[in-house]
Amino acid sequence: MQSEDANLKLKKAKTWAAGSPAVISSLKHVMSTAGPVRGTKALLDLNQTAGFDCPSCAWPDPDDHRAMTEFCENGAKSIASEATSFTVDPAFFEKYSVAELMEKSDYWHDQQGRLTHPMVLEEGATHYKPISWDDAFSLMAKELKSLNHPDEAIFYTSGRTSNEAAFIYQLFVRHFGTNNLPDCSNMCHESSGSALVPSVGIGKGTVTLDDMHHADVIISVGQNPGTNHPRMLGSLEECIENGGEVVAINPLKEAGLLGFAHPQRPKGMMNRATPLADQYLQVKMNGDMAIFRALAKCIVAEDKKTEGQVIDHQFIAEHTTGFESYLGAVEATSWEQILEDSGIEKSELERLASKIIAKDKKLITCWAMGVTQQKNAVDTIREIVNVHLLLGAIGRHGAGLCPVRGHSNVQGDRTMGIYEKLPEEQHLLLEKAFHFESPRKHGYDVVEAIEAMHKKEAKFFFAMGGNFLQAAPDTDFTAEALQNCDLTAHVVTKLNRSLLVTGKTGLILPCIGRTELDFTGNATAPQFITCENSMGIVHMSTGRLKPISDTLMSEPNIVAHLADKAVGNTEHVNWLELGANYDLIRDAIEASIPGFENFNERVRTPGGFYLQNDVKDRVWNTATKKANFHKSELSIFQQSKSDTLVLQTLRSHDQYNTTVYGLDDRYRGIGNERMIVFLNPEDMKERGIKPVQLVQITSHWDDGDRSLSGFKAIPYDMPRGAAAAYFPEANPLIPIGSTADISNTPTSKAIEVSIAPQA
Ligand SMILES: Nc1nc2c(c(=O)[nH]1)N[C@H]1C(S)=C(S)[C@@H](COP(=O)(O)OP(=O)(O)OC[C@H]3O[C@@H](n4cnc5c(=O)[nH]c(N)nc54)[C@H](O)[C@@H]3O)O[C@H]1N2
Ligand SMILES: Nc1nc2c(c(=O)[nH]1)N[C@H]1C(S)=C(S)[C@@H](COP(=O)(O)OP(=O)(O)OC[C@H]3O[C@@H](n4cnc5c(=O)[nH]c(N)nc54)[C@H](O)[C@@H]3O)O[C@H]1N2
Ligand SMILES: [Mo]
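Residues numbered from 1 in each chain as written. Chains lettered and ligands numbered in written order. Predicted model: local features only at pLDDT ≥ 70, side-chain atom pairs only at ≥ 80, totals over all residues. Heavy atoms only, no water.

## Details of the overall build of the chain
Argument step 1. When helices and strands are counted, the chain shows 31 helices and 31 strands.
Argument step 2. The C-alpha atoms of the chain give 25 Å as radius of gyration, which agrees with the globular expectation for 759 residues (27 Å, within 12%).
Argument step 3. Dimensions of the chain, computed from C-alpha atoms along their principal axes, come out at roughly 75 × 60 × 55 Å.
Argument step 4. Burial analysis of the chain (759 residues in total) assigns 63% to the buried set. (Helix = DSSP H or I, 4+ residues; strand = E, 2+ residues; numbered from the N terminus. Rg over C-alpha atoms; globule rule 2.2 N^0.38 Å. Buried < 20%, exposed > 50% of the residue type's maximum accessible area, 1.4 Å probe, protein only.)

Put into structure tokens, the structure is as follows:
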């Protein structure tokens with residue numbers, strides 16, 4: 001289809017991912033943004049055992065064979081964006097007022113380069129101006145001390161923050177007296193933790209890369225690995241080469257699930273792709289729970305037929321609770337409802353079930369945002385667990401659960417205590433190690449934090465990384481919330497919109513990035529930080545590039561200076577000493593978090609170490625000390641009107657969350673445009689919408705409608721009733737009140753909308 005639009009370039013959607021186009025695209029990004037020197041040096045050091053951890057996704061690296069070029073296209077874009085030689089310095093802020101910067105796009109913001117100096121936007125001022133680090137810390141400390149209660153302060157974390165920064169940050173916040181530690185996880189995999197902890201006793205995945213390579217069947221549900229976890233495609237390919245099969249469950253046909261050409265193998269370099277998904281279930285929006293319930297029904301039926309050969313009865317008897325009651329729920333669910341909710345033919349569901357039952361029942365289920373950002377996300381994930389428990393497909397080689405994490409250290413941040421609902425045991429360990437009173441009242445998660453600022457119950461907002469305004473739902477509401485604060489402060493590397501919508505006073509605190517050398521504390525050798533990836537491996541990361549400016553501070557050191565001024569030293573904590581020497585922070589981690597024995601020593605071994613994961617040994621740290629089946633009624637997103645669509649907000653191939661690297665979505669055939677809404681061609685016809693026609697999208701919620709216009713409608717291979725637009729452009733449509741049950745995650749993948757030609 002040819003575009004009728006001057007900017008938009010449309011091509012056919014791709015049927016495989018990576019190959020030489022990915023290598024060309026990465027080089028293009030590296031050369032154009034950073035300049036060859038900073039860029040290529042950075043790339044060569046990426047994810048090497050002695051290099052730095054890729055700041056893009058949390059997919060692990062192979063334990064033994066790290067090629068010189070163990071990087072992926074999107075990792076390369078992420079590096080290029082951080083390793084750019086362009087700068088956003090005081091002269092830049094003198095040139096552009098905040099109002100002018102607001103008019104620019106997110107893409108333009110990222111293109112401008114790295115922030116170099118601490119800056120302040122004073123009350124009523126039109127421009128940011130430089131401020132000394134010392135004055136910035138004094139200003140924040142003064143605001144913190146003037147609050148009526150520590151709970152009036154909010155301390156957000158984005159998941160790129162290192163273990164060391166996260167640890168000292170939460171220690172400071174708890175010494176200050178609050179658990180208001182919302183993080184990006186609240187908008188991301190919170191539903192996974194909420195489901196997994198009561199079911200199996202740990203909120204993390206239970207598999208290793210080796211398990212992936214030896215599974216019989218890997219189900220990928222609600223994720224787009226070709227764009228968001230490109231290195232995962234190598235694992236899927238290896239599984240297939242070993243005789244396994246991959247099944248995709250996704251309303252959209254995604255290139256990265258259809259086929260993969262490994263850019264570091266001869267066949268792949270010649271663009272000969274390995275087909276990936278053997279079965280592709282184009283599920284209805286949010287119809288996933290029905291698919292897993294269908295699998296349970298097939299398993300139970302087959303077990304009856306074979307007199308107990310399919311269900312792992314021994315595992316169930318020894319290791320689980322709730323089996324009988326769950327069986328009741330499975331039997332009570334009708335096929336009629338399953339077929340209606342999933343939109344998938346019964347024969348396809350039976351085919352999938354027979355694949356899983358056929359061999360050794362070595363099943364791995366991987367999932368991401370298509371599952372977690374849904375109203376019934378927690379129940380859906382529990383249903384995934386139920387199916388694994390039926391088969392005993394957990395805690396054994398080649399089988400298990402794999403929530404595919406987002407940010408490179410989002411899992412580590414939680415391990416370090418970035419959690420508004422920290423469990424009591426962890427408070428006790430902190431208190432024992434540091435002799436202070438850790439506050440127990442649960443803090444705000446992201447949505448609660450926005451609501452509290454909106455109601456002026458919180459007045460101080462501090463962000464350790466991220467782009468809170470653009471990542472959060474209901475952009476206008478969130479903007480009002482931030483503007484209600486007295487002070488907003490952001491530790492960041494790049495310009496983003498959150499720096500432009502501030503409290504009475506706004507602060508920018510620029511930090512050293514993952515790619516850069518860190519000589520904090522006049523260290524004689526560069527300091528390193530540590531991260532935990534999606535599979536629980538803790539490893540070191542050392543930057544290699546000269547920092548973009550000598551006015552940057554490191555994240556741990558920024559926290560240390562703020563803590564020094566805002567709460568001061570205690571007999572057991574000397575903040576500035578901790579901030580100047582990360583070995584001391586690692587000792588403090590060892591002293592208060594289980595699993596980090598001999599941390600400083602073990603993390604220095606090449607490749608790092610696995611954190612203990614009891615589920616792998618079939619030890620269940622739940623209240624019952626067993627793995628728990630959980631029965632829930634089958635559910636699916638309910639629309640209030642019959643003629644509306646269900647909109648999901650998703651990532652293009654050229655973005656990292658709110659950071660827009662480019663305007664293409666190569667695999668989906670989109671060039672040079674982000675104001676896109678993908679629709680089923682029949683739904684377009686029914687509404688009188690032509691391809692690339694401008695449309696208005698209106699979301700419906702009980703507090704009223706929200707509307708955006710200027711989106712171009714693109715016909716796409718997806719089920720009737722579904723719509724998809726990019727995040728963050730579509731975030732103003734997500735009602736603040738629309739969140740998942742239990743986890744309170746915004747339902748970014750299910751928003752009821754009407755779409756009509758723009759008047
Ligand atoms: N390059 C790059 N890498 C990234 C990121 C990035 O922005 N760019 N972000 C990082 C982060 S923080 C995260 S959390 C991950 C996100 O990784 P993903 O979860 O893969 O990200 P999304 O783009 O949100 O994709 C969601 C997928 O779910 C599908 N989906 C939507 N609704 C449903 C549904 O009802 N059922 C099913 N089965 N599928 C559905 C969509 O069609 C889409 O394919 O990636 C991480 N890695
Ligand atoms: N509608 C919708 N909304 C969503 C989602 C969705 O799918 N749809 N996904 C949600 C998900 S899964 C997530 S994880 C959140 C992401 O939410 P966030 O983590 O808040 O957002 P990011 O876009 O990852 O943050 C990018 C900013 O981080 C800063 N940064 C980059 N590197 C560093 C660093 O090393 N240190 C510091 N201090 N700062 C750094 C840069 O200034 C950059 O502008 O968004 C959520 N929001
Ligand atoms: Mo995420």
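So, next bit.
## Topic: the state of the cysteines
Argument step 1. Applying the stated criterion across every chain, the model contains 0 disulfides.
Argument step 2. With no disulfide of its own, cysteine 366 lies 4.0 Å from the sulfur of cysteine 402, the closest cysteine sulfur. (Disulfide = S-S within 2.5 Å.)

## Topic: unusual backbone geometry
Argument step 1. The step from phenylalanine 727 to proline 728 runs through a cis peptide bond, and the omega angle for that step is 5°.
Argument step 2. Position of proline 728 relative to the elements: it lies in the loop between strand E30 (722–726) and strand E31 (751–757).
Argument step 3. In this model, asparagine 672 sits at a positive phi of 65°, which is unusual for a non-glycine residue.
Argument step 4. You can see asparagine 672 is positioned in the loop between strand E26 (670–671) and strand E27 (676–679).
Argument step 5. On the basis of relative accessible area, asparagine 672 is assigned to the partly exposed category, the value being 32%.

## A short note on the pairing of strand E9 (residues 245–249)
Argument step 1. With 4 of 5 residues buried, E9 lies mostly within the body of the structure.
Argument step 2. In terms of strand pairing, strand E8 (residues 217–221) meets E9 through 5 bridges, oriented parallel. Across the sheet, the residue bridging to isoleucine 218 is valine 246, located in E9.
Argument step 3. Judged from the 4 bridges that link them, E9 and strand E12 (residues 277–281) form a sheet pairing that is parallel. When the sheet's bridge partners are listed, valine 246 is paired in E12 with alanine 277. (Pairing = 2+ DSSP bridges.)

## A few points about the site of ligand 2
Argument step 1. Ligand 2 sits among 31 residues. The nearest are Tyr156, Ser158, Ala471, Glu555 and Thr658.
Argument step 2. The side chain of glutamate 555 places a nitrogen or oxygen atom 2.6 Å from a nitrogen atom of ligand 2.
Argument step 3. Here an oxygen atom of ligand 2 sits 3.1 Å away from a polar atom, N or O, in the side chain of arginine 651.
Argument step 4. When ligand 2 is considered free in solution it has 930 Å² of accessible area, and contact with the protein chains removes 96% of it.
Argument step 5. Here the shell around ligand 2 spans two domains, and each of domain 2 (87–187 + 409–512 + 547–580) and domain 4 (645–757) adds at least three residues to it. (Near = heavy atom within 4 Å. Polar contact = N/O pair within 3.5 Å; in protein donor to acceptor, adjacent residues only side chain to side chain. Areas by Shrake-Rupley, 256 points an atom, 1.4 Å probe, with all protein chains shown as cover. Domains from an automatic or database assignment.)

## Focus: the packing of helix H9 (residues 190–200) against helix H21 (residues 377–391)
Argument step 1. Axis separation between H9 and H21 bottoms out at 8 Å; the angle between their running directions is 45°. By the angle between their directions, the pair H9 and H21 is classed as oblique. Considering only the axes of H9 and H21, their crossing is right-handed. Where H9 abuts H21, its residues Ser191, Ser192, Ser194, Ala195, Leu196, Pro198, Ser199 and Val200 lie against Ala377, Val378, Ile381, Arg382 and Val385.
Argument step 2. Taken together, the residues of the contact of H9 with H21 break down into 8 nonpolar, 4 polar and 1 charged. (Axes fitted to C-alpha atoms, helices over the stretch in contact; angles between N-to-C directions. Parallel < 35°, antiparallel > 145°, perpendicular 65-115°, else oblique. Left-handed = near helix turned anticlockwise from the far one by under 90°. Contact = heavy atoms within 4.5 Å. Nonpolar A, V, L, I, M, F, W, Y, C, P; charged D, E, K, R; others polar.)

## Some points on the environment of asparagine 628
Argument step 1. Looking at the secondary structure, you find asparagine 628 in strand E22 (residues 627–628).
Argument step 2. The spacing of asparagine 628 and leucine 196 is 432 residues in sequence and 9.7 Å in space, taken between C-alpha atoms.
Argument step 3. Excluding its chain neighbours within four sequence positions, the residues that come into contact with asparagine 628 are Pro198, Ser199, Thr321, Asn386, Leu389 and Thr622.
Argument step 4. Within the structure, asparagine 628 has its side chain in polar contact with the side chain of threonine 321 (distance 2.6 Å).

## Focus: the packing of aromatic side chains
Argument step 1. The tally for this structure, following the rule as stated, stands at 26 aromatic pairs.
Argument step 2. Consider the rings of phenylalanine 92 and phenylalanine 93, whose centres lie 5.4 Å apart with planes at 85°: the pair is edge-to-face.
Argument step 3. Here the aromatic rings of phenylalanine 596 and phenylalanine 599 are separated by 4.8 Å at their centres, their planes lie at 70°, and the arrangement is edge-to-face. For the pair formed by phenylalanine 596 and phenylalanine 599, the shared burial category is buried.
Argument step 4. In this structure, lysine 253 packs its charged tip against the face of tyrosine 280, placed 5.5 Å from the ring centre.
Argument step 5. Above the plane of the ring of phenylalanine 609 lies arginine 602, whose end atom (NZ or CZ) is 4.0 Å from the centre. (Phe/Tyr/Trp six-rings, centres within 6.5 Å; stacked < 30°, edge-to-face > 60°. Lys NZ or Arg CZ within 6 Å of the ring centre and 35° of its normal.)

## Focus: the domain arrangement of the chain
Argument step 1. Here the domain parsing of the chain yields domain 1 (9–82), domain 2 (87–187 + 409–512 + 547–580), domain 3 (190–403) and domain 4 (645–757).
Argument step 2. Placing the centre of domain 3 and that of domain 4 at their C-alpha centroids yields a distance of 26 Å.
Argument step 3. At the junction of the two partners, domain 3 supplies 24 residues and domain 4 supplies 26 residues.
Argument step 4. The largest contributions to the domain 3 side of the interface with domain 4 come from Leu252, Met285 and Gln373, which together make up 31% of the buried area.
Argument step 5. A salt bridge links lysine 375 to aspartate 741; its shortest N-O distance comes to 3.0 Å.
Argument step 6. Across the domain 3-domain 4 interface, the total number found is 7 residue pairs in polar contact (both at pLDDT 80 or more). (Buried area = accessible area lost by both parts, 1.4 Å probe. Salt bridge = Lys/Arg side-chain N within 4 Å of Asp/Glu carboxyl O.)

## As for the site of ligand 1
Argument step 1. Near ligand 1 lie 32 residues; those nearest to it are Glu254, Asn286, Asp288, Gln655 and Asn657.
Argument step 2. Take asparagine 250: an N or O atom from its side chain is 2.7 Å from an oxygen atom of ligand 1.
Argument step 3. Here glutamine 374 contributes a side-chain N or O atom positioned 3.0 Å from an oxygen atom of ligand 1.
Argument step 4. For ligand 1, the accessible surface in isolation is 920 Å², of which the surrounding protein chains cover 99%.
Argument step 5. Sorting the residues of the shell around ligand 1 by element identifies helix H11 (225–228), helix H20 (369–372), strand E23 (645–650) and strand E24 (655–656) as the ones contributing at least two each.
Argument step 6. Of the residues that constitute the shell around ligand 1, the class distribution is 12 nonpolar, 16 polar and 4 charged.
Argument step 7. Taken together, domain 3 (190–403) and domain 4 (645–757) each give at least three residues to the shell around ligand 1, which thus spans both.

## Some words on the sheet that holds E8
Argument step 1. Judged by pairing direction, the sheet is parallel, and its 5 strands sit side by side in the order E12-E9-E8-E14-E15 without closing on themselves. A strand with exactly one partner marks an edge of an open sheet, and here the two such strands are E12 and strand E15 (400–403). When strand polarity is set aside, the average angle formed by the axes of neighbouring strands in this sheet is 15°.
Argument step 2. Helix-sheet contacts for helix H15 (residues 288–305) involve E8, E9, E12 and strand E14 (363–367), and the interaxial angle to E8 is about 155°.

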